[in-house]
Amino acid sequence: MIVIDSASPVPPFEQLRAQLAGQIQDRTLAVGTRLPTIRRLAADLGLAVNTVGRAYRGLEEAGLIETRGPAGSFVSAAGEQGRERARRAAAEYADVIAGLGIDTTEAIHIVRAALTRRVPEAG
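Just so it is clear, the model here is predicted, and its values are computed rather than measured.

About the thresholds
- Residues numbered from 1 in each chain as written.
- Predicted model: local features only at pLDDT ≥ 70, side-chain atom pairs only at ≥ 80, totals over all residues.
- Heavy atoms only, no water.
- Helix = DSSP H or I, 4+ residues; strand = E, 2+ residues; numbered from the N terminus.
- Rg over C-alpha atoms; globule rule 2.2 N^0.38 Å.
- Buried < 20%, exposed > 50% of the residue type's maximum accessible area, 1.4 Å probe, protein only.
- Contact = heavy atoms within 4.5 Å.
- Areas by Shrake-Rupley, 256 points an atom, 1.4 Å probe, with all protein chains shown as cover.
- Lys, Arg positive; Asp, Glu negative; His and termini not counted.
- Charge placed at Lys NZ, Arg CZ, Asp CG, Glu CD.
- Core = buried A, V, L, I, M, F, W, Y, C linked by side-chain atoms within 4.5 Å.
- Expected span 1.5 Å × (residues − 1).
- Polar contact = N/O pair within 3.5 Å; in protein donor to acceptor, adjacent residues only side chain to side chain.
- Axes fitted to C-alpha atoms, helices over the stretch in contact; angles between N-to-C directions.
- Parallel < 35°, antiparallel > 145°, perpendicular 65-115°, else oblique.
- Left-handed = near helix turned anticlockwise from the far one by under 90°.
- Nonpolar A, V, L, I, M, F, W, Y, C, P; charged D, E, K, R; others polar.
- Phe/Tyr/Trp six-rings, centres within 6.5 Å; stacked < 30°, edge-to-face > 60°.
- Lys NZ or Arg CZ within 6 Å of the ring centre and 35° of its normal.

Student: Summarise the overall build of the chain; cite the residues concerned and give the values.
Tutor: Within the chain one finds five helices and two strands. Starting at the N terminus and walking to the C terminus, you meet the elements of the chain as α-α-α-β-β-α-α. Relative to the 2.2 N^0.38 estimate, which gives 14 Å for 123 residues, the radius of gyration of the chain is 17 Å and therefore markedly larger than a compact globule would have. Over its C-alpha atoms, taken along the principal directions, the chain stretches across nearly 55 × 35 × 25 Å. Within the span of the chain, comprising 123 residues, buried residues form 25% of the whole. For the chain, the share of sequence-separated contacts (at least 6 apart) that also reach a separation of at least 24 residues comes to 46%. Accessible surface computed for the chain: about 8400 Å², of which carbon and sulfur atoms make up 56%. Looking at charge distribution, the chain has the averaged site of its 15 positive side-chain charges lying 6 Å from that of its 14 negative ones.

See below:
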């Protein structure tokens, strides 16, 4: 279930994108699941079509969904590949950190700082 909080400082497209991404990542929406059309989801949520389209574009750019023309948008297997790539990168990072003798707390601080710098721009 998607819930858009009109009082939230987070734009509606980002709320929608984040909730769908979460459902894909926790496998509530399985690979191959057909998403509602942009128009249908916009009507269901009381959002503008462009708002839902922007959320879908963000999911597509992240590799979480793929659009197959008139057939619609589907949860992509690329999301699983991306998750596996992230696991491999994390394992490699852990090896580097261990080799440098950096403790876990500092290693997490380094990751958090790197992620903070990469926050996508709204707009």
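Right, picking up where we left off after that structure.
Student: Describe the nonpolar core, and please don't skip the residues or the numbers.
Tutor: The biggest cluster of nonpolar side chains holds 17 residues, and the ones touching the most others in it are Leu-16, Leu-20, Val-52 and Tyr-56. Among the elements of the structure, helix H1 (12–25), helix H2 (38–45) and helix H3 (49–61) are those that each provide at least two residues to this core. In this structure, Leu-16 is in contact with Ile-2, Ile-4, Leu-41, Leu-45, Leu-47, Val-52 and Ala-55, ignoring residues within four places of it in sequence.

Student: Could you give an account of helix H5 (residues 104–117), naming the residues involved and the relevant values?
Tutor: For H5, which comprises 14 residues, the first-to-last C-alpha distance of 20 Å matches the rise-based estimate of 20 Å (1.5 Å per residue) to within 8%. Counting buried positions along H5 gives one out of 14 residues, so the element sits mostly on the surface. Its side-chain oxygen placed 3.2 Å from the backbone nitrogen of Thr-105, Asp-103 serves as the N-cap of H5.

Student: Break down the packing of H1 against H3 for me, citing the residues and quoting the values.
Tutor: What describes two packed helices is the angle between their axes and the distance between those same axes. Running from amino to carboxyl end, H1 crosses H3 at an angle of 45°, the nearest separation of the two axes being 8 Å. When the interaxial angle is binned, H1 and H3 end up oblique. Here H1 and H3 pass one another in a crossing that is right-handed. Each of Pro-12, Phe-13, Leu-16, Arg-17, Leu-20 and Ala-21 in H1 lies in contact with H3, whose residues at this interface are Thr-51, Val-52, Arg-54, Ala-55, Tyr-56, Gly-58 and Leu-59. When its residues are assigned to classes, the contact of H1 with H3 shows nine nonpolar, two polar and two charged.

Student: How would you sum up the packing of aromatic side chains? Please name residues and give values.
Tutor: This model, assessed by the stated rule, comprises zero aromatic pairs. Its guanidinium or amino end placed over the ring of Phe-13, Arg-54 lies 3.7 Å from that ring's centre, counting from NZ or CZ. Above the face of the Phe-74 ring, Arg-68 is positioned so that its terminal group lies 4.0 Å from the ring centre.

Student: So, the environment of Leu-64: which residues are in play, and what are the values?
Tutor: Along the polypeptide, Leu-64 turns up in the loop between H3 and strand S1 (65–67). Taking the C-alpha atoms as reference, Leu-64 lies 28 Å from Asp-95; in sequence the two are 31 residues apart.

Student: So what's going on with the packing of H2 against H3? Residues and values would help.
Tutor: Between H2 and H3, the shortest axis-to-axis distance is 8 Å and the interhelical angle comes to 120°. Compared by their axis directions, H2 and H3 come out oblique. Of the two possible hands of crossing, H2 and H3 adopt the one that is right-handed. Between H2, through Ile-38, Arg-39, Leu-41 and Ala-42, and H3, the contact on the second element is made entirely by Val-49, Val-52, Gly-53 and Tyr-56. Here the residues of the contact of H2 with H3 are counted per class, giving six nonpolar, one polar and one charged.

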